[in-house]
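Take a look at the letters that make up each chain.
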Amino acid sequence: MRAQRQSLRAGGLGAPESLDVVRVRADFPILEQRVRGKPLVYLDSAATSQKPRAVIDAIANYYLEDNANVHRGVHLLSERATQAYEGARGKVKRFINAAHDHEIVFVRGTTEAINLVAQTYGRRRVSPGDEILITEMEHHSDIVPWQLLCEEKGAVLRVAPIDDEGQLLLDEMERLIGPRTRLLALAHVSNALGTINPVRRIVEMAHRRKVPVLVDGAQAAPHLALDMQSLGCDFYAFSGHKLFGPTGIGVLYGRAELLEEMPPWQGGGDMISSVTFEKTTYNKLPYKFEAGTPDIAGAIGLGAAIDYVSALGLSAIAAHEHGLLAYATEALRRVPGLRLIGTAKEKASVLSFLLGDVHPHDIGTVLDREGIAIRTGHHCAQPLMRRLGVAATARASLAFYNRREDVDALVLGLHKVLEVFA
Amino acid sequence: MSSELRDLYQEVVIDHSRKPRNFRKPEGANRSAEGVNPLCGDQITLYLKLTGDVIEDIGFEGAGCAISKASASLMTTALKKKTKAETETLFEQVHSMLTEGPSAKVDPQALGKLAALSGVWEFPARVKCATLAWHTLRSALDGAGAAVSTE
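Predicted, not measured: the structure shown is a model, and the values here were computed from it. (Residues numbered from 1 in each chain as written. Chains lettered and ligands numbered in written order. Predicted model: local features only at pLDDT ≥ 70, side-chain atom pairs only at ≥ 80, totals over all residues.)

> Could you clarify how one ought to interpret the overall build of chain B in this entry?
Helix and strand counts for chain B come out as five helices and four strands. The C-alpha atoms of chain B give a radius of gyration of 14 Å, which matches the 15 Å a tight globule of 151 residues would have. Across its three principal axes, chain B shows a C-alpha extent of roughly 45 × 30 × 25 Å. Taken over 151 residues, chain B has a buried fraction of 42%. Of the contacts formed within chain B by residues at least 6 apart in sequence, a portion of 61% connects residues at least 24 apart. (Helix = DSSP H or I, 4+ residues; strand = E, 2+ residues; numbered from the N terminus. Rg over C-alpha atoms; globule rule 2.2 N^0.38 Å. Buried ≥ 20, exposed ≤ 12 C-beta atoms within 10 Å, placed from the backbone. Contact = placed C-beta atoms within 7 Å.)

What follows is the structure in structure tokens.
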């Protein structure tokens, strides 16, 4: 793993702003395979990303050499496991430029992070008649936890609208922030459309009204350089598996001040400092929110993914993906009958589209036979689909390991689709 | 085009998805049920005019992929004047064809035009698309009335 990382750094990636895709792809063993007799063209990274060998090795090495429970053993393996686990926390903290390590809470993923905030911060702060503000482009995981909270508390869910390009209407949003608004929750990057929301501006807007902001960063973390201190948000959630790390691990960042005042979520080991049958004193941050043995291997894998991404450099990744998105947008627009859904000015490398009257599910099946993996359906954003007047879309999502050849294969595949449904 | 794809999207299937038959609410319909496939957003409302034990008329409305639409359309053409028991037998045969393929004990030819769906078994992710209409039918016949989900 260490050797790999070094080779990546010293391996002639060229100028710091450029990315050698051939070399990068060699780090992702899964991409080498053929599926259905064709070379795999993986265009579904927004659903889950592939993992570099460095991540797979880090997890294997942990189980091969260091496996033990954390925070409790006096023995050497436990010490090593604890160091690796806490080391991963430090990597996350630096990756998103949080102010403190203890602002990083390990959770199962973005969904769990949002539920944690709804069930602790939300339950304590929200009363009947209060309001939670979200947006029309949210993923179900940033809708349903708030609905559950509103139902329990007799609170009201308000929804900020978008325009037809898939961009938030900021003036409308500002009008919806009222005296009863207790929290604003929104996606940094839309999973279905790729829209990048101007989160920093929105945080300023909300904070002027003393409204805290939770950002669903599941789709942003793999593409954008994150800086919590500059973004200024109160909570930020993301998943390891979309960031080239393993499934089952994710991060809730919370400003220490807010995390301190929140009650614990789940009770159990690790989250206590002392227990008697009369009273339990809770552990300090972040352990107060990490009941039970955590996903140690997952955290270590996530740490390795962050090392990998950081070595490539987020600016190089962004530049590569930006070029690829422009190329793909142009190429798809030339496919007869293709309509892009989501054409925001600021976009991550996600292309949602319709093709004539062919149902996206049928597009997906034909492409799969060409070895091309895309996502089809409502992308867990049914209210957004309804707002845009479509039942479903086909979605190609690109990561830094994708090339122009992948886009060319997609275009050829779409012509096959047109052939089948001519 | 690969042979599997040709098997899946047979001419009859494409035709029925483009021009679904009985795509309407029949006059005098006395049973209905709704079916959804939450995975892809397919949605179908099935209507029956049931006289005693016999399906006098049948129709459907909704939106979905080619397979789900064609399957619903083909089903409606196969079921007119059939009894509940005959319908149930046919469902079982279609279900075997869709899930077991050539190893199924049914002779696709005996299923008439429904045999056009014989290629679906090679696409496990699409079996639910093809069975949605049939599950919805069962719910309409049972008179349960609650929405059917493929999940």
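> Could you clarify how one ought to interpret the interface of chain B and chain A in this entry?
Where interface size is given, it is often the accessible area lost as the parts come together that is meant. Residue-level contacts link 16 residues of chain B with 14 residues of chain A. Of the residues in the side of chain B that touches chain A, the class split is 11 nonpolar, three polar and two charged. (Nonpolar A, V, L, I, M, F, W, Y, C, P; charged D, E, K, R; others polar.)

> Explain the nonpolar core to me, please; I cannot follow it from the model alone.
A general tendency of soluble globular proteins is for nonpolar side chains to be buried together. All names here are of chain A. Residues V251 and I300 are the most contacted members of the largest nonpolar core, which totals 163 residues. With 10 residues, the single largest contributor to this core is helix 11 (residues 296-312). Viewed by domain, this core spans two of them, domain 1 (2-51 + 313-417) and domain 2 (58-310), each represented by three or more residues. Not counting the four nearest positions on each side in its chain, I300 is found in contact with A58, I59, Y62, A84, Y85 and A88. (Core = buried A, V, L, I, M, F, W, Y, C linked by C-beta atoms within 7 Å. Domains from an automatic or database assignment.)

> What is the right way to read unusual backbone geometry from this model?
Most peptide bonds are trans, and most residues other than glycine sit at a negative phi. All names here are of chain A. The omega torsion of the bond from L285 to P286 falls at -5°, within 30 degrees of zero and hence cis. Relative to the elements of secondary structure, P286 occurs in the loop between strand 12 (280-282) and helix 11. In this model, H379 sits at a positive phi of 55°, which is unusual for a non-glycine residue. Inspection of the secondary structure puts H379 in the loop between strand 16 (375-377) and helix 14 (382-388).

> When you look at the sheet that holds strand 4 (residues 104-107) of chain A in this model, what are you seeing that I'm missing?
Note: strands within a sheet are paired through backbone hydrogen bonds, in either parallel or antiparallel orientation. Residues and elements named next belong to chain A. The strand order across the open sheet built from seven strands is 4-10-9-8-7-5-6, with neighbouring strands paired in mixed fashion. Either end of the sheet is taken by a strand with one partner, and the two such strands are strand 4 and strand 6 (156-160). When the angles between neighbouring strand axes are averaged without regard to direction, this sheet yields 20°. Pairing analysis gives five bridges linking strand 5 (residues 131-135) to strand 6, with the strands arranged parallel. (Pairing = 2+ DSSP bridges. Axes fitted to C-alpha atoms, helices over the stretch in contact; angles between N-to-C directions.)

It is worth stressing that arrangement in space is one thing and function is another; only the former is reported here.
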